[in-house]
Amino acid sequence: MVEYQIAEIKLQTIIDNQETVLYYPFLDSLVSIKEELILLGRALTGKEVKKLNSEVFGTRNVKKMWEVLLDNGFNVEETELYPQYDSGELKIHILDFINAVKQLAEDTSDDELQRIYEKIKKLYNVREVCESIYNKVHTDSEYESKEEQFFYKRYNLLINSTRLETLSIHQIKKFLTPLDIVDTTDIINSATSLTKDLTFLLNTETKNTNKGVDLAFPLITKAINGLRKGQLIATGMFSNNGKTRLMIRNVANLVLKHNEKVLIISNEMSKDDIRYCFITTVINNPEFKEMFETTEITKNERDIRNGIYQNTTESDKITYIVKILEEKFENNILIIHTDIYSDEVLTEIILKHYIADNIDYFFYDTLKADKNNMANWDGLKITTTILSELAKTFDICIWGNIQLNDTSKAPLEISSNDIASSKQIYQLLDTLLLFAPIDKKIYSHYVYWEGSGIPTKNKVKELDTNNTYYICRVNKNRLGAKPDLLFKVNLNQNTWKELGQVCYREKVKRVLNG
């Protein structure tokens, strides 16, 4: 046992003694020395290896010896490799080095070997991208330029991220490149056959692999196919109607039911206000009541804020829920409050947490134009364009809240034309959901029915004047369906119950009467 431990220590010493051959030392972080030594060891044991170009290697000894092996069809005497060997700072003997790499190769399975091939090629491609971008931003000045500082900041995030192996080269380019540097190479060379892999596409769609995460609302989920990555979704409401509260309702569903990680970016409601809203949401909505076994508790947010409880049992149960949320979901919901809503800061926030915290779902409340661009009519459109590109490039889902202009229109009449500041953003959104409350004076103008089918006489229901109702218009949906849906809402408890489809009473009457 002692001999094995000593051998392991010596093996690690040999690995640590290796030097790289990269022009820029900062790229050494993108060289996997151990994996490169394993491939060399496999070649030296006479086993079959893929004949990779020597350029993919960053370790000096591997690169130089691989060149000799490649030139001679991997059929050389080991002594022919001796002149290529660099003993390094510790002056390790070449025979010790050769035995070490052979031992590393012997301990590697075939499945692991395939992963090593892919990793080495990927790291080489990443190094090439990093070097290319660095050459564009680097200057000979003794002071780093703003673009150079940007590059180093993003580079350090990248090399320390668990996403590095899964990011595409295109995504890495986008992540490392400052906004004011435009590289059209990928676009120019991106043409592919439209008919390629259609069978695969059909099969994957049939298997429902493109379905997103279910929202708390089945009919919206069915219409838009869930909360999907690569999509920019917006919810529009009038001022003070509950935009943030609806957002928190969906955040709670995403985190607690589906165990996803989210980042909330708020430029309006404070962190503590959002926390109170989140607690209220968890306490009052049915699926969370069941999850935490608190079906008997119903609580207004104001009482929670003021510490007003019916009895000690109720207080203890709510404290119990909060402690579970703290312990189990501490890293699942992150929040940033900022009044610096510039496009640059917004992009930096999203990409930093995408890379560093592995977050795929982002909620932005409220979607506004860059603070420095608010005077321009197209300011909001520019910001929305950036968010749309981020969603598609990095395969993330961004949910933005939008302010609607105050209007006297009935809920079933509102549309994207009622978006405050800019109507052009409609074209950039993948999904637009418009919510508006119904005035109780005109409840009798509407009827609703459960499900997504056509109404029948025995299914049509009246609105109850004891409840508060909102209509949700699926105003834009790239998948087609645009139903009008009825919700029973209690903002004090932040409950949003999807009841079914809604329509004007007279219109339904005409349909039923043929």
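Throughout what follows, the structure given in this document is the object of discussion. Bear in mind that the values here come from a model prediction, so they are computed numbers and not experimental data.

### Focus on the sheet that holds strand 6 (residues 431-437)
- Here we have ten strands laid out as an open sheet, ordered 3-2-4-5-1-6-8-9-10-7, and mixed in their pairing. With one partner strand each, in any of the chains shown, strand 3 (333-337) and strand 7 (446-449) form the two edges of the open sheet. Geometrically, the sheet is characterised by an average inter-axis angle of 25° between neighbouring strands, direction not taken into account.
- With five bridges connecting them, strand 8 (residues 469-477) and strand 9 (residues 484-490) associate as antiparallel partners. Of the residues in strand 9, the one forming a bridge with Y470 is F487.
- Sitting on the sheet, helix 12 (residues 271-284) touches strand 2 (262-266), strand 3 and strand 10 (495-504), and the angle it makes with strand 3 is about 150°.
- Those strands touched by helix 17 (residues 379-393) are strand 1 (232-237), strand 4 (361-365) and strand 5 (397-403), and its axis lies near 140° from that of strand 1.

### Some remarks on the pairing of strand 9
- In terms of residue burial, strand 9 counts as a mostly covered element, since five of its seven residues are buried.
- Note: strand 9 against strand 10, six bridges, orientation antiparallel. Looking across to strand 10, one finds that K488 is bridged to K497.
- Between the end of strand 9 and the start of strand 10, which pair antiparallel, lie four residues, with N494 showing a positive phi angle near 50°.

### Describing helix 15 (residues 312-328)
- Under the 1.5 Å per step criterion, the end-to-end length of helix 15 is 24 Å for 17 residues, consistent within 8% with the ideal 24 Å.
- Buried within helix 15 are the following residues: E314, I318, I321, I324 and L325. For helix 15, the angular spread of buried residues about the axis comes to 115°, placing them on one side. Away from the buried face of helix 15 by more than 90 degrees, exposed residues T312, T313, E326 and E327 are located.

### Regarding the nonpolar core
- Residues F151, L176, I350, L387 and I398 are the most contacted members of the largest nonpolar core, which totals 54 residues.
- Residue contacts for I350: discarding those within four places in its chain leaves I265, F362, L387, L390, I396 and I398.

### A closer look at the side chain of E498
- In this structure, E498 sits in strand 10.
- For the buried residue E498, which engages in no salt bridge, the nearest side chain bearing the opposite charge is R249, 10 Å off.
- At 2.8 Å, the side chain of E498 forms a polar contact with the backbone nitrogen of L219.
- One polar contact links the side chain of E498 to the main-chain amide nitrogen of I220, over a distance of 3.1 Å.
- In contact with E498, other than residues within four places in its own chain, are F217, P218, L219, I220, L485, L486 and F487.

Scoring rules and cut-offs
- Residues numbered from 1 in each chain as written.
- Predicted model: local features only at pLDDT ≥ 70, side-chain atom pairs only at ≥ 80, totals over all residues.
- Heavy atoms only, no water.
- Pairing = 2+ DSSP bridges.
- Helix = DSSP H or I, 4+ residues; strand = E, 2+ residues; numbered from the N terminus.
- Axes fitted to C-alpha atoms, helices over the stretch in contact; angles between N-to-C directions.
- Contact = heavy atoms within 4.5 Å.
- Buried < 20%, exposed > 50% of the residue type's maximum accessible area, 1.4 Å probe, protein only.
- Expected span 1.5 Å × (residues − 1).
- Arc of directions from axis to C-beta.
- Core = buried A, V, L, I, M, F, W, Y, C linked by side-chain atoms within 4.5 Å.
- Lys, Arg positive; Asp, Glu negative; His and termini not counted.
- Salt bridge = Lys/Arg side-chain N within 4 Å of Asp/Glu carboxyl O.
- Polar contact = N/O pair within 3.5 Å; in protein donor to acceptor, adjacent residues only side chain to side chain.

Don't take any of this as a statement about function, it's just geometry.
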